[in-house]
Amino acid sequence: MSLLTIVYALSFYFAVAVLGLGLAFKIRQFWVTPAPLKIPIMPAPLTGTGVAFRLGREVVFFESLFKSNKWIWVLAVLFHAGLLLVVMRHLRYFTEPVWFWVVLVQPFGVYAGFAMVAGLLGLWARRFLVDRIRYISSPSDHLMLALLVLIGASGLSLRYLARTDIIQVKAFFLGLLHFDWQPLPSEPSLLLHLGLVALLMIIFPFSKLLHVPGVFFSPSRNQIDNAREKRHLAPWAAHLDSGRDNAPAE
Amino acid sequence: MAKAPTFDIPAFREDLASPAVVPGAMDHSQPFVASPDHQADLGFPGELVDDWETKAVEKLGELLEKNRALRVYLDSCVKCGACTDKCHYYIGTGDPKNMPVARQDLLRSVYRRNFTLAGKLMPKLVGARDLDKDLLDDWYKYFHQCSQCRRCAVFCPYGIDTAEISMAAREIMDHIGVGQKYCNEIIGKVHKIGNNLGLPKPALINTMEGLEEDVEEETGITVRFPVDVKGADVLLVTPSADFFAEPHVDGLIGYAKVFHQAGISWTVSSYASEAANFAMFIGSYEQMHKVAARIRQAALDLGVKRIVFGECGHAWRVAYSFLNSLAGPWDFLDPKYPKPQHILEVTNGLIKSGAINLDTTANDDKVLTFHDSCNVARGSRMGDVEGGQFIIPREVIKASVNKFVDMDPGTINEKTFCCGGGGGLLTDDLMELRVKGALPRMEALKDVVDNHGVTHMAAICAICKSQFAKVMPYYGFPMDMIISVHQLVGDAILLGTKE
């Protein structure tokens, strides 16, 4: 067992742990923090089903972003839809036998890699070209895009430039899953690709990538419009009611 | 005509393009600071407290525990830029700190520095900052250049609502002794006297009697304007500007005529003679609760069956969305009616059922458009269908006038622009901001005036009406172009035609 394999194996276990625990912590924090008032952005759905559809449209179609700015929308869809297909394509490294639908996705996953990188480069260009977005960009916003572009580019290079032994890569990841470690090939572009993915997983719960759970917890989007029908009261606010009269003053 | 301004009136944009960033363009704009007395009335420290940096961060920590929205919004922004050109204050000033995300970042930078691992370890990298005097000054300036209209949140992929952020920032500032005079003085008046304008009971009764005489003189019919009548069916809670300001008072006359003609007994309360709840603007749940409790007490004292709110934007947001939380449950009111109800819901229902009749030709001298007030549009509803807050006012207007034209679709309904004076900014010390913030609405109005001959714009918010009456002359529109929706109703209603 090479040192390289050991380092990467441990890195991935660490990254999965940080991602899982970090996200669990943040989701719990979002969950337990009360929303003291009804603040859905109106018009809002009148039923829970309606809210599910509203959130669904945000997550799947980026509805609000579409209303806002078609350029950001197109680029964001290219990136996110591309990433989704790429992740689906990569499931073949973790499943044996490979699931049926993962097989179907394979050819699309390749194009999706290009779409993803194109979307990211477009979004990055806007951080330089549009004065408003240049103003609001922190170094971390640029670095996040750089990280994702590098992941995408190194991944594409593994397909088109410096191919690696993907059978062995798959053996490595299945080995991680079954706690039966197998050697990892040592091509630099593979190591770069995997190292950056692990880094992304570690950064995730400490960064703006928290928009992923955040979108589901946003009170302006996940609340039902029923304030008149159903009293909404935060536990911490209930004691304020105790001092009041419930009878007419004489 | 308004007196000559000391600032440039923004020009109407040819192509409605997003303005270029002009750093520091509104760095000089800030409202008067609340005096120690005004602060004391609300239980806030009178001046900047010792060790305020620590206390501000502690307060932020407390709010993070109490308000999910704040926590989620501070964590979730990806700086995509979707909101950057959606704020009327950015459009009117070009100041980059008026871009919603940049405004949020004034607070988010402190959140990241004190409450996130990345901000503690690598502040420069993630835009985290310690709260210092410079940043506090920026908080005071730019969280008072947000009218909490929520337009940015419509366009945000995560629904991040800058109103929640600016409310939290104002709450923190109040707790370290830096309050805003306009809001805090007014909330004190509500506690002491019962309304924002400090109108005492005798003056209120006197005003209402005067209105009764005016209407009788004009129509020959006795339309009652009751105050503190026990056992009335309806408690009307309306912004105190309705009692005498123009064009608000014509709306109040309209409500009275509607109640009269429908045979509904009603009263205002001298104890709760104010619909407004400015505590929302300063983000104080406790103050909002205290102000809302007056309405509950008035309803109990007067033994009413229904509560109806007059034309007021943020008051209707508080009434529709918050009143059940703040002052409910309303189980002592008649369950047949929504609790509370908007006057437009009442009027529209009466028109539909034929209980009142309107003669649209009474308003044939006017071509109307309608300004959706931000808090009604994005913070509330009317009626029982999604978007009823857009439908019902228009139905009532169309039942009262023959000629109605909507403004550009990008400036109405959920995408409506704030009048420029909401959120506790309707004060003369912010006049430049108010004029510049009205630009997008004035552009949309100009379009329907030039192309459709619009003569009047109706609104359903006391702040909108006051703001437009003040700023429209800067843009070449007469101040009496802005009118109350219930003025149209009041002018068109057929009084005494039924038995």
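Positions within a chain are numbered from 1, following the residues in the order the chain's sequence is written. Chain labels run from A onward and ligand labels from 1 onward, assigned in the order the entries are written. Reporting in this predicted model follows two pLDDT cut-offs: at least 70 for local features of residues, and 80 or more for side-chain atom pairs to be given and counted; totals over whole chains, interfaces and linings ignore these cut-offs and use all residues. Note that water and hydrogens are dropped before the side-chain values are worked out from all heavy atoms of the structure.

**Q** Would you explain the overall build of chain B in this entry?
**A** The way it works is that DSSP assigns letters per residue, a run of H or I at least four long becomes a helix, a run of E at least two long becomes a strand, and they are numbered from the N terminus. Looking only at helices and strands, chain B features 22 helices and 7 strands. Based on C-alpha atoms, the radius of gyration is set beside the globule rule, defined as 2.2 Å times the residue count to the power 0.38. Its C-alpha radius of gyration of 23 Å places chain B within 12% of the 23 Å reference for a compact globule of 499 residues. Here the C-alpha coordinates of chain B stretch approximately 80 × 50 × 40 Å along the principal axes. Residue contacts are counted whenever heavy atoms from the two residues lie within 4.5 Å of one another. Sequence separation of 24 or more characterises 81% of the internal contacts of chain B that already satisfy a separation of 6 or more. To measure how exposed things are, a 1.4 Å probe is used in the Shrake-Rupley method; for residues, cover is taken only from the protein chains shown. Surface exposure of chain B reaches about 16,100 Å², of which carbon and sulfur atoms provide 52%. Positive and negative charge centroids in chain B, built from 52 and 65 side chains respectively, lie 5 Å apart. Charge convention: Lys and Arg are scored as positive, Asp and Glu as negative, and His as well as the terminal groups of each chain are ignored. The atoms used to mark charge sites are NZ of Lys, CZ of Arg, CG of Asp and CD of Glu.

**Q** Would you take a moment to explain the overall build of chain A for this structure?
**A** Helix and strand content of chain A: 11 helices and 0 strands. Order of helices (α) and strands (β) in chain A, N terminus to C terminus: α-α-α-α-α-α-α-α-α-α-α. Taking 2.2 N^0.38 as the reference for a compact globule, 250 residues should give roughly 18 Å; the C-alpha atoms of chain A span a radius of gyration of 23 Å, well beyond that estimate. A principal-axis box enclosing the C-alpha atoms of chain A has dimensions of 85 × 45 × 40 Å. In this scheme, a residue with accessible area under 20% of its type's maximum is buried, one over 50% is exposed, and one in between is partly exposed, where area comes from a 1.4 Å probe on protein chains only. Here chain A holds 250 residues, and 49% of them are scored as buried. Summarising the internal contacts of chain A: among those between residues at least 6 apart in sequence, 72% fall at separations of at least 24.

**Q** Where do I start with a nonpolar patch on the surface in this structure?
**A** All names here are of chain A. A cluster of nonpolar residues, Val59, Val60, Phe61 and Phe216, forms a patch on the protein surface that exposes about 390 Å² of accessible area. The element that contributes the greatest number of residues to the nonpolar patch is helix H2 (residues 48-61), accounting for 3 residues. Tracing the backbone through its elements, the reader meets Phe61 in helix H2. A residue is classified by how much of its surface remains accessible, and Phe61, at 54% relative accessible area, is exposed. Put simply, a patch holds well-exposed residues, over 30% relative accessible area, that have no salt bridge, with like charges counted together within 9 Å and Val, Leu, Ile, Met, Phe, Trp or Tyr side chains within 5 Å. Salt bridge criterion: a side-chain nitrogen from Lys or Arg within 4 Å of a carboxyl oxygen from Asp or Glu.

**Q** Would you explain the domain arrangement of chain B in this entry?
**A** Interface size, as often reported, equals the accessible area lost upon joining of the parts. All names here are of chain B. Note that domain bounds follow an automatic or database assignment of domains. By the assigned domains, chain B splits into domain 1 (48-176) and domain 2 (193-492). Computed from C-alpha atoms alone, the centre-to-centre distance between domain 1 and domain 2 is 31 Å. Taken together, the contact pairs 22 residues of domain 1 with 28 residues of domain 2. Buried area adds together the accessible area that both of two parts lose upon being put together, with accessible area traced by a 1.4 Å probe. Carbon and sulfur atoms make up 57% of the area that domain 1 and domain 2 hide from each other, which totals about 2,100 Å². At the surface where domain 1 touches domain 2, the tally comes to 1 salt bridge. Of the charged contacts in the structure, one is a salt bridge between Glu286 and Lys66, with a shortest N-O distance of 3.6 Å. Whenever a nitrogen or oxygen atom comes within 3.5 Å of another N or O atom, the pair is scored as a polar contact, on the condition that within protein one atom can donate a hydrogen and the other can accept it, and that pairs from neighbouring residues in sequence are kept only if both atoms are in side chains. Where domain 1 meets domain 2, there are 10 residue pairs in polar contact (both at pLDDT 80 or more). Going through the elements one at a time, helix H4 (88-93), helix H9 (151-155) and helix H10 (162-175) are the ones with two or more residues in the side of domain 1 that touches domain 2.

**Q** Before we go on, may I ask you to explain the interface of chain A and chain B in this structure?
**A** The partner chain B presents 86 residues to the 66 residues of chain A that form the contact. Taken together, the connections running from chain A to chain B amount to 5 salt bridges. Inspection of the chain A/chain B interface yields 36 residue pairs in polar contact (both at pLDDT 80 or more). Of all elements in the fold, only helix H1 (3-32), helix H3 (63-68), helix H6 (131-136), helix H7 (139-160), helix H10 (211-217) and helix H11 (219-222) of chain A reach the threshold of two or more residues within the side of chain A that touches chain B. Broken down by element, the residue count for the side of chain A that touches chain B peaks at 5 residues, all from H6(A).

**Q** When you look at the sheet that holds strand S5 (residues 368-370) of chain B in this model, what are you seeing that I'm missing?
**A** Pairing between sheet strands relies on hydrogen bonds along the backbone, with the strands arranged either parallel or antiparallel. Residues and elements named next belong to chain B. Pairs of strands are assigned from DSSP output, requiring at least two bridges between the strands. Ordered in space as S5-S6-S7, the 3 strands form an open sheet in which the pairing is parallel. Among the strands making up the open sheet, the edge pair consists of S5 and strand S7 (482-484). Looking at each pair of strands side by side, their axes are set apart by 40 degrees on average, direction ignored. As paired elements, S5 and strand S6 (residues 456-459) share 3 bridges and run parallel to each other. In the sheet register, Thr369 faces S6, and the bridge partner there is Met457. Lines fitted to C-alpha atoms define the axes here, with helix axes fitted over just the stretch in contact, and angles between the N-to-C directions of these axes take values from 0 to 180 degrees.

**Q** Any chance you could explain the pattern of salt bridges here in plain terms?
**A** Note on pairing: side chains with opposite charge can pair once their charged atoms come close. Per the stated rule, a full pass over the model turns up 40 salt bridges over all chains. Salt-bridge contacts for Lys170(A) lead to Glu96(A); the nearest nitrogen and oxygen are separated by 2.9 Å. One end of the pair, Lys170(A), is in helix H8 (residues 166-177); the other, Glu96(A), is in the loop between helix H4 (70-90) and helix H5 (100-129), with 74 residues separating them in the sequence. Residue classification places Glu96(A) among the exposed residues on the basis of a relative accessible area of 57%. In this structure, Asp141(A) and Lys208(A) form a salt bridge, with 2.9 Å as the shortest nitrogen-oxygen distance. Of the two residues, Asp141(A) sits in helix H7 while Lys208(A) sits in the loop between helix H9 (188-203) and H10, which places them 67 residues apart along the sequence. Taken individually, Asp141(A) and Lys208(A) each receive the classification buried, so the pair is uniform in this respect. Because the salt bridges share partners, they merge into one network encompassing Lys59(B), Glu62(B), Lys66(B), Glu171(B) and Glu286(B).

**Q** Honestly, the side chain of Arg71(B) in this entry has me stumped. Any pointers?
**A** With respect to the helices and strands, the residue Arg71(B) is situated in helix H3 (residues 68-76). When residues no more than four places from it in sequence are discounted, the contact partners of Arg71(B) are Lys26(A), Gln29(A), Phe30(A), Leu64(B), Glu65(B) and Tyr111(B).

**Q** Sorry, what's going on with the environment of Met407(B) here?
**A** Residues and elements named next belong to chain B. For Met407, the position within the fold is in the loop between helix H18 (388-400) and helix H19 (431-437). For Met407, a relative accessible area of 3% translates into the label buried. As for Met407 and Ile186, which are separated by 221 residues in sequence, their C-alpha atoms are 33 Å apart. Those residues in contact with Met407, other than ones at most four positions away along the chain, are Thr369, Phe370, His371, Ile412, Arg441, Ala444, Leu445, Val448 and Met457.

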